[in-house]
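# Reading the structure
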Amino acid sequence: MSAGERRISFLAHMGMEPMRMVTEKRPFGGPYIRFLRFLDVSYNSYENGAILGRAWGGKLPLLARMLVATADEGQGMGVIADAQEASRKRLEDFGEEEPKSFFELIVRGEYSRLGVSIDGSCDIGKVTAVKKISDIRKIDVIKKVAAIKKVADARISLSQAEPYIKYLTLEGIGFGSCLPELTEKMYKSFHEDIDMETWPYYRSLGLELPEEPPIVTLEEQEKAVLLLVGSYAYAYFPELMKPLDLH
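Residues numbered from 1 in each chain as written. Predicted model: local features only at pLDDT ≥ 70, side-chain atom pairs only at ≥ 80, totals over all residues. Heavy atoms only, no water.

For the protein chain, the count of helices and strands is 10 helices and four strands. Going from the N terminus to the C terminus, the protein chain shows its helices and strands as α-β-α-α-α-α-β-β-α-β-α-α-α-α. Here the analysis covers contacts within the protein chain between residues at least 6 apart in sequence; of these, 75% occur between residues at least 24 apart. Just so you have it, the protein chain exposes about 12500 Å², and 52% of that area is on carbon and sulfur atoms. (Helix = DSSP H or I, 4+ residues; strand = E, 2+ residues; numbered from the N terminus. Contact = heavy atoms within 4.5 Å. Areas by Shrake-Rupley, 256 points an atom, 1.4 Å probe, with all protein chains shown as cover.)

Our next topic: the packing of aromatic side chains. Applying the stated criterion to the full structure yields 10 aromatic pairs. A centroid spacing of 5.8 Å and a plane angle of 85 degrees characterise the contact between Tyr43 and Phe190, whose relative ring orientation is edge-to-face. Placement of Tyr43 in helix α2 (residues 35-55) and of Phe190 in helix α8 (residues 180-191) is noted, with a sequence separation of 147 residues between them. Each member of the pair, Tyr43 as well as Phe190, is classed as buried. When the ring centre of Tyr32 is taken as reference, the NZ or CZ atom of Arg155 above it lies at 4.6 Å. (Phe/Tyr/Trp six-rings, centres within 6.5 Å; stacked < 30°, edge-to-face > 60°. Buried < 20%, exposed > 50% of the residue type's maximum accessible area, 1.4 Å probe, protein only. Lys NZ or Arg CZ within 6 Å of the ring centre and 35° of its normal.)

In the structure shown here, the tally under the stated rule is 11 salt bridges. Between Lys89 and Asp93 there is a salt bridge, with the nearest N and O atoms lying 2.8 Å from each other. Highlighted residues: Lys89 and Asp93, both in helix α4 (residues 73-94), separated by four residues, approximately one helical turn. Assessed through its relative accessible area of 36%, Lys89 is described here as partly exposed. Asp93 gets classed as partly exposed once you look at its relative accessible area, which sits at 44%. A salt bridge links Lys185 to Glu98; the nearest nitrogen and oxygen atoms lie 2.9 Å apart. Note that Lys185 is positioned in helix α8 and Glu98 in the loop between α4 and α5 (102-110), a separation of 87 residues in sequence. (Salt bridge = Lys/Arg side-chain N within 4 Å of Asp/Glu carboxyl O.)

Turning to the packing of α2 against helix α7 (residues 158-178), a few remarks are in order. At a closest axis distance of 6 Å, the pairing of α2 and α7 adopts a crossing angle of 35 degrees. In this structure, α2 crosses over α7, and the sense of that crossing is right-handed. Contact residues: Phe38, Val41, Ser42, Ser45, Tyr46, Gly49, Ala50, Leu52, Gly53 and Arg54 in α2; Ala161, Tyr164, Ile165, Leu168, Thr169, Glu171, Gly172, Ile173, Phe175, Gly176 and Ser177 in α7. Here the residues of the contact of α2 with α7 are counted per class, giving 11 nonpolar, eight polar and two charged. (Axes fitted to C-alpha atoms, helices over the stretch in contact; angles between N-to-C directions. Left-handed = near helix turned anticlockwise from the far one by under 90°. Nonpolar A, V, L, I, M, F, W, Y, C, P; charged D, E, K, R; others polar.)

Here we come to unusual backbone geometry. Even without a glycine there, the phi angle at Asp245 is positive, about 55 degrees. With respect to the helices and strands, Asp245 occurs in the segment after α10 (218-236). Take Asp245: its relative accessible area is 59%, and that puts it in the exposed class.

A few words on the nonpolar core. Of all hydrophobic cores here, the largest spans 35 residues; its most connected members are Met19, Ile33, Phe38, Tyr46, Phe102, Leu105 and Phe175. Mapped onto this core, the elements with two or more residues apiece are α1 (10-21), α2, α4, α5, α7 and α8. Here this core takes eight residues from α2, the largest share from any one element. Formed by 29 residues, the second largest nonpolar core is a distinct cluster that contains Met14, Ala64, Tyr232 and Leu246. (Core = buried A, V, L, I, M, F, W, Y, C linked by side-chain atoms within 4.5 Å.)

For the rest of this paragraph, the subject is α2. The terminal C-alpha atoms of α2 lie 30 Å apart, and with 21 residues this matches the ideal 30 Å at 1.5 Å per residue to within 8%. A large share of α2 lies buried, amounting to 17 of its 21 residues. (Expected span 1.5 Å × (residues − 1).)

Right, dumping it as structure tokens:
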């Protein structure tokens, strides 16, 4: 990194490119993302974070250095510990049944944190420091999945959505690092051992899923995630390339 060049955050690097690909513009009010596309990016960000956490469960101190602006390992490990705690709480709040996929975990869980009115307005609350799930303001729960379809075009400003996507990526890292076996099980259930009877149901929620689900193995997706991480490490933490086996 050249002198004076500003380093983007690791979480922005991991989560924001998919968001920008589906961001729309308007003459007034700034860029925004549609509600259902926001959910799609949300679950993908969480899932990729979980894949990374699972892959690097034994390398968390090195990952921690990339997570915070100060590159302080101790501070970064504190952030990861908070993310692990939050992921366990999310799993507990999901209910007695184990989630079958990250899609189910996030789509079913995240819309309950959104205040979405039928007239199309949307407010995801004040999301500040990426620390604890309790920092995110709770809003009325939307109880029926059908309600999601009715607010498909609800607009969330990019300035609101960005910190939330970063948070979900971080919490995903916490999930994968403390629940590696469940991470593998949930990923394979949705992307490899696909239940063709439930796929039409997922598509009925309005998300942009293909008619025929693509098969992407966990190993293939892990390689894609590590390539994304590698490009960040190469630019900002070249000294970590070798210990993280990113060459």
